[in-house]
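If you want the building blocks of each chain, they are given just below.
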Amino acid sequence: MGLLADIYVLANLKMQTAKVKKKDDRALRFLQKVMLKSDSLQKLAFKKAQQKLSERFFRYTFFDNRKKRFMKSVARRTRTEQVEIVLAHDLKAVKVARKFAKRNNAVFFFDLVESTFSNLAGLQPTFFYKKNAKQAERIAAQADYILSGDPYLSSEFVKRQRTKMPVLVLNGQDEVVESRRVISIRERIADNTNRPIVLYIGVVSKLRGIEQIIDAFSLVNTDALLVIMGPGGDVYREEILAQIRLLGLENRAFVLEGVPERDMVPVSATATIGISPILSGTGNAGLVYNNKMFQYLAAHLPILTTNCPGPGGFVKEHEIGYVYEEANATDLAKKIDLALSKDKEFNLKIQNNLPIVARKYAWATQENNLRQLIRSAEQQIQK
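Residues numbered from 1 in each chain as written. Predicted model: local features only at pLDDT ≥ 70, side-chain atom pairs only at ≥ 80, totals over all residues. Heavy atoms only, no water.

Undergrad: Would you take a moment to explain the sheet that holds strand 4 (residues 167-168) for this structure?
TA: Think of a sheet as strands paired side by side through backbone hydrogen bonds, with each pair either parallel or antiparallel. Here we have four strands laid out as an open sheet, ordered 1-2-3-4, and parallel in their pairing. Both edges of this open sheet fall to strand 1 (85-89) and strand 4, since each of them pairs with a single strand only. Across two bridges, the pairing between strand 3 (residues 145-148) and strand 4 is parallel. When the bridges of strand 4 are listed, serine 148 appears paired with leucine 168. Set on the sheet, helix 16 (residues 363-382) makes contact with strand 1, strand 2 (107-111), strand 3 and strand 4; between it and strand 3 the angle comes to about 170 degrees. (Pairing = 2+ DSSP bridges. Helix = DSSP H or I, 4+ residues; strand = E, 2+ residues; numbered from the N terminus. Contact = heavy atoms within 4.5 Å. Axes fitted to C-alpha atoms, helices over the stretch in contact; angles between N-to-C directions.)

Undergrad: Quick question: what am I supposed to make of the pairing of strand 9 (residues 303-306) here?
TA: Successive side chains on a regular strand alternate, one facing one side of the sheet and the next facing the other. Note that strand 8 (residues 273-276) and strand 9 share three bridges and pair parallel. Residue pairing for strand 9: serine 276 is matched across the bridge by threonine 305. Handedness of the crossover joining strand 9 and strand 10 (residues 321-324) through helix 13 (residues 311-318) is recorded here as right-handed. (Right-handed = clockwise from strand over helix to strand, strands pointing away.)

Undergrad: Sorry, what's going on with helix 14 (residues 329-340) here?
TA: At 3.6 residues per turn, the α-helix brings residues three or four places apart onto the same side. Spanning twelve residues, helix 14 covers 17 Å between terminal C-alpha atoms, matching the ideal 16 Å at 1.5 Å per step. Where burial is concerned, most of helix 14 is hidden: nine out of the twelve residues are buried. Inspection of helix 14 places Ala329, Asp331, Leu332, Ala333, Lys335, Ile336, Asp337, Ala339 and Leu340 among the buried residues, and these make up the whole buried set. Where helix 14 is buried, its residues touch strand 5 (197-201), helix 9 (210-217), strand 8, strand 9, strand 10 and helix 15 (345-360). Its side-chain oxygen at 3.3 Å from the backbone nitrogen of threonine 330, asparagine 328 defines the N-terminal cap of helix 14. (Expected span 1.5 Å × (residues − 1). Buried < 20%, exposed > 50% of the residue type's maximum accessible area, 1.4 Å probe, protein only. Polar contact = N/O pair within 3.5 Å; in protein donor to acceptor, adjacent residues only side chain to side chain.)

Undergrad: Which parts of the structure should I look at to understand the pairing of strand 6 (residues 225-229)?
TA: Burial of strand 6 is extensive: five of the five residues sit out of reach of the surface. Covered by surrounding structure in strand 6 are Leu225, Val227 and Met229 together with Leu226 and Ile228, the residues of both alternating faces. Examined bridge by bridge, strand 5 and strand 6 share five bridges and lie parallel to one another. Counterpart to tyrosine 200 in the pairing with strand 6 is isoleucine 228.

Undergrad: What's the story with the pattern of salt bridges in this structure? I'm lost.
TA: Once the charged atoms of two side chains with opposite charge are near each other, the side chains can pair. Under the defined criterion, the tally for this structure stands at eleven salt bridges. For arginine 186, the salt bridge is made with aspartate 191, and the minimal N-O distance between the two is 2.7 Å. Residues joined by salt bridges that share partners form a network here, namely Glu137, Glu156, Lys159 and Arg160. (Salt bridge = Lys/Arg side-chain N within 4 Å of Asp/Glu carboxyl O.)

Undergrad: Even after reading the chapter, I still don't get the environment of glycine 209, so can you show me in this structure?
TA: Its location among the elements puts glycine 209 in the loop between strand 5 and helix 9. Using a relative accessible area of 7% as the deciding quantity, one classes glycine 209 as buried. Among all residues touching glycine 209, those that are not within four sequence positions of it are Pro277 and Leu279.

Undergrad: Whenever I open this one, helix 16 confuses me. Can you help?
TA: The end-to-end C-alpha distance of helix 16, which contains 20 residues, comes to 28 Å, matching closely the 28 Å that a straight helix rising 1.5 Å per residue would cover. Listed as buried for helix 16 are Gln366, Leu373 and Ala377. Mapping the buried residues of helix 16 onto a view down its axis gives an arc of 45 degrees, with all of them on the same face. For helix 16, the elements touching its buried residues are strand 1, strand 2, strand 3, strand 4 and helix 15. (Arc of directions from axis to C-beta.)

Undergrad: Help me out: how do you make sense of the confidence of the model for the protein in this one?
TA: Should pLDDT be low for a region, the predicted coordinates there are not to be read in detail. Of the residues in the protein, 73% have a pLDDT of 70 or more, and the chain-wide mean is 81. Taken element by element, the protein is modelled with least confidence in helix 5 (residues 119-122), mean pLDDT 44, and with most confidence in strand 6, mean pLDDT 98. (pLDDT = per-residue confidence, 0-100.)

Undergrad: Sorry, what's going on with the side chain of threonine 306 here?
TA: Among the secondary structure elements, threonine 306 is positioned in strand 9. Residue threonine 306 is classed as buried on the basis of its relative accessible area, which comes to 2%. Looking at threonine 306, its side chain comes within polar contact range of the main-chain nitrogen of isoleucine 278, at 2.8 Å.

Undergrad: Can you walk me through unusual backbone geometry in this structure?
TA: Glycine aside, a negative phi is what most residues show, and trans is what most peptide bonds show. Residues other than glycine seldom take positive phi values, yet asparagine 105 does so here, at roughly 55 degrees. Relative to the assigned elements, asparagine 105 resides in the loop between helix 4 (94-104) and strand 2.

Undergrad: Sorry if this is basic, but what is going on with the packing of helix 12 (residues 291-298) against helix 13 here?
TA: Packed helices, taken two at a time, are described by the angle between their axes plus the distance between the axes. Viewed as axis vectors pointing N to C, helix 12 and helix 13 meet at an angle of 25 degrees, and their least axial separation amounts to 10 Å. Viewed along their axes, helix 12 and helix 13 adopt a mutual orientation that is roughly parallel. In this structure, helix 12 meets helix 13 at a crossing whose hand is right-handed. On helix 13, the residues touching Met293, Phe294 and Leu297 of helix 12 are Pro311, Phe314 and Val315. By residue class, the composition of the contact of helix 12 with helix 13 is six nonpolar, no polar and no charged. (Parallel < 35°, antiparallel > 145°, perpendicular 65-115°, else oblique. Left-handed = near helix turned anticlockwise from the far one by under 90°. Nonpolar A, V, L, I, M, F, W, Y, C, P; charged D, E, K, R; others polar.)

Printed below as a string of structure tokens:
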């Protein structure tokens, strides 16, 4: 691609020179053809590269560039500021956060929630990516305080770094306030039936398991509706809408824009069940409790998630839903039918467990863990 780019630049330069020297049109036309051809070949080469390389590679590149911009921004804004506590969220921020903490003689916190290091368990990253991730992980292990959003991730981190167990602070959500009025999902899709609603909330993009949900829904026997709701790019939305049309689900499956964070739980509460797919080869390889699981829980929705250590383990432990085998649309369809059935004894158990578990892991209870951690840091500062 470098050679093609050089050809393009050279042709463009010669073309501009031809214009200045008022060369004949024949030369200009030839140079235009050269530019168009090289531009076309560049696009073709990039497309082929995209097909050969995993999409995850492009996500790495995007995040790496974003991390560099973040570090430069932090460096500019913190030259003169003085702080007492510095918290790094995820490994992408850990190096610059440690430098800032040292410069200010501040207490260094590391938030293990959604930590990138676990990618190493589920993916095959490049040598340099792996080296940088390990280096960042070692820095994180030296933090004054470590907090985590998942016991599985905590155990993995302790095993790898031989450090103290992080303080567990789950991303609990507050339950629905009855007086808060939101536009229900049924109103948003203009449905006047009582059909149950199967809900996916979150970013609408690839590597989220959405295609599998749509495939599974085409195999569901229950007369239900599927709603995929969240922010995302127009190109991918068109792709899944095309998949919905191909499977003949236009009148049963809907793709909606997301809602503000404060409305996430009350809007979710207007659905019947919630799906939280996890792809073990991406992100945290199924180790981390994701946000949507706690949003479904706070909304008292039975949860369907992949049979993996994080969300899958949580759902099984507390008996608040079903787990299904990853990349198995037939199994997911079966579990959707089970979750929507009215006469199953286990479903009654789920309905009884949901409010109990929701209260146990509400933010009000998790906040105490975080407050205690901050108090310890304040005492360290005072010394």
